[in-house]
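Chains, contacts and geometry: an overview
Letter by letter, the chains look like this.
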Amino acid sequence: MIVLLIAAFVAYSSMFIVNQREQAIQLRFGEIQRVIQEPGIYFKLPTSAVDSVQYYDRRLQTLELNGMEVLFRNDRRFIVDAFASYRILDPQAFRESVGGNIQLAQERLRTRIDSRLREVYGQRSYEEAFSSERADMMRQVRDLIRPDASSLGIGVVDLRIRQTELPADVRSQTYERMRSERLAVAAKERANGTEAALRIRAEADREATVLVAEAQRDARCCAVPVTPRRTGCSPPPSARTRASSSSTGRCRPT
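For the structure given in this document, a descriptive report is provided here. Remember, predicted model here, so these are calculated numbers, not experimental data. (Residues numbered from 1 in each chain as written. Predicted model: local features only at pLDDT ≥ 70, side-chain atom pairs only at ≥ 80, totals over all residues. Heavy atoms only, no water.)

**Topic: the overall build of the chain**
Just so we agree on the cut-off: Strands are runs of DSSP state E lasting at least two residues, helices are runs of H or I lasting at least four, and both sets are numbered from the N terminus onward. Partly exposed residues are those whose accessible area sits between 20% and 50% of the maximum for their type, while under 20% is buried and over 50% is exposed, using a 1.4 Å probe and protein chains only.
On a plain count of helices and strands, the chain comes out with seven helices and eight strands. Taken over 254 residues, the chain has a buried fraction of 25%.

**Here's the deal with the sheet that holds strand β7 (residues 77-88)**
What counts is decided by this rule: By definition, two strands form a pair when at least two bridges between them are found by DSSP. For every element, the axis is a line fit to its C-alpha atoms; helices are fit only across the contacting stretch, and the angle between N-to-C directions ranges from 0 to 180 degrees. Whether two residues touch is decided by their heavy atoms; if any such pair falls within 4.5 Å, the residues are in contact.
Taken in spatial order, the three strands make up an open sheet running β6-β7-β8, and their pairing is antiparallel. Where the open sheet ends on each side, the last strands, each with one partner, are β6 (61-71) and β8 (154-165). Direction aside, neighbouring strands of the sheet carry axes that sit 25° apart on average. Inspection of the sheet shows β7 paired to β8 by 10 bridges, in the antiparallel sense. When the bridges of β8 are listed, A84 appears paired with L159. Across the face of the sheet, helix α3 (residues 102-121) comes into contact with β6, β7 and β8 while running at roughly 40° to β6.

**Describing the sheet that holds strand β2 (residues 22-28)**
A sheet is described by the order of its strands in space; here three strands give the open sequence β3-β2-β5, paired in antiparallel fashion. Looking at which strands have only one partner, the edges of the open sheet turn out to be β3 (31-36) and β5 (51-57). Direction aside, the axes of adjacent strands within the sheet are offset by 25° on average. As judged from the five bridges shared by β2 and β3, these two strands associate in the antiparallel manner. Looking at β3, one finds that R28 is bridged to E31.

**Considering the nonpolar core**
A general trend in soluble globular proteins is that nonpolar side chains are found buried together. Filter applied, for reference: Only buried residues count toward a nonpolar core, which is a set of Ala, Val, Leu, Ile, Met, Phe, Trp, Tyr and Cys residues joined through side-chain atoms within 4.5 Å.
By size, the foremost hydrophobic cluster in this structure holds 34 residues, and its most contacted members are L65, L109, I113, L117, Y121 and I154. Counting only elements with at least two residues in this core, the list comes to β2, β6, β7, α2 (91-98), α3, α5 (134-150) and β8. Excluding residues that lie within four positions of it along the chain, I113 makes contacts with L65, A84, I145 and L159. Counting residues in hydrophobic clusters, the runner-up holds five residues, among them F16, V18, A24 and I36.

**Concerning the pattern of salt bridges**
Just so we agree on the cut-off: By definition, a salt bridge exists where a carboxyl oxygen of Asp or Glu is found within 4 Å of a side-chain nitrogen of Lys or Arg.
Applying the stated criterion across every chain, the model contains 13 salt bridges. D51 serves as the salt-bridge partner of R28, at 2.8 Å between the closest nitrogen and oxygen. Of this pair, R28 sits in strand β2 while D51 is found in strand β5, placing the two residues 23 residues apart along the sequence. With a relative accessible area of 29%, R28 lands in the partly exposed category. Because the salt bridges share partners, they merge into one network encompassing R116, E119 and D148.

**Observations concerning the packing of α3 against α5**
Threshold: Working definition: roughly parallel below 35 degrees, roughly antiparallel above 145 degrees, roughly perpendicular at 65 to 115 degrees, and oblique for all remaining angles. The crossing is said to be left-handed when, going from far helix to near helix, the turn is anticlockwise and less than a right angle, and right-handed when the turn is clockwise. The residue classification treats Ala, Val, Leu, Ile, Met, Phe, Trp, Tyr, Cys and Pro as nonpolar and Asp, Glu, Lys and Arg as charged. All others, Gly included, are polar.
Running from N to C, α3 and α5 point in directions that differ by 140°, and their axes come no closer than 9 Å. On the basis of the axis angle, α3 is oblique to α5. Seen along the crossing, α3 lies across α5 with a hand that is right-handed. Along its contact with α3, which presents L109, R112, I113, R116, L117, E119, V120 and Y121, the element α5 presents M137, M138, Q140, V141, L144, I145, D148 and A149. Tallied by class, the residues present in the contact of α3 with α5 amount to 11 nonpolar, one polar and four charged.

Here it is in structure tokens:
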């Protein structure tokens, strides 16, 4: 039984499994013996005192890049939020460069992406960064960062900008300037509207005055005098003439 138990322990400690989501490095006294990137069952010297195995995830991973400040060619500052998709391609280089520490690798990758973003944005204007050229800028940053990431044993698959906005202090100043400009435009429009209203009102008052004057003139012209009561005298000839004119339906101005 003791022999069987020892044999089972030796067999178990000399065997390890690499699944399809992993890749591994076999170490002997801390020195790399081989890199395993294919899934399967593998063997090593019994116990971990001689041979040990380190596993690394081979799946696609995401690195968040928030709050990076960039400066455009026209000296305008913006805060950029981005993310990068990457995976470990070379476990040996990954171990030699960062000791297999994924947090340290992400910090170094973040620093290098920040530097490349500043470089690319510094060559472009604000208008270009918010136009159709934005996709080209992201591809340029990705291509520039790939050699740096390769030295860490990492392959950058994609890099995307999630959001670009002004810093808090600049944003408040910009909003105040935009508000002042809009208020100035509104005041100008109101002044133009008031001027047009006064002009229309003056023209309407003038036309009303002219119409009233013409109506009063026509009323005086066409007025029919009242026939005097019979007192034994006849109206003067001028009155008879006006009465005769009004009876024919015609008004002759004097």
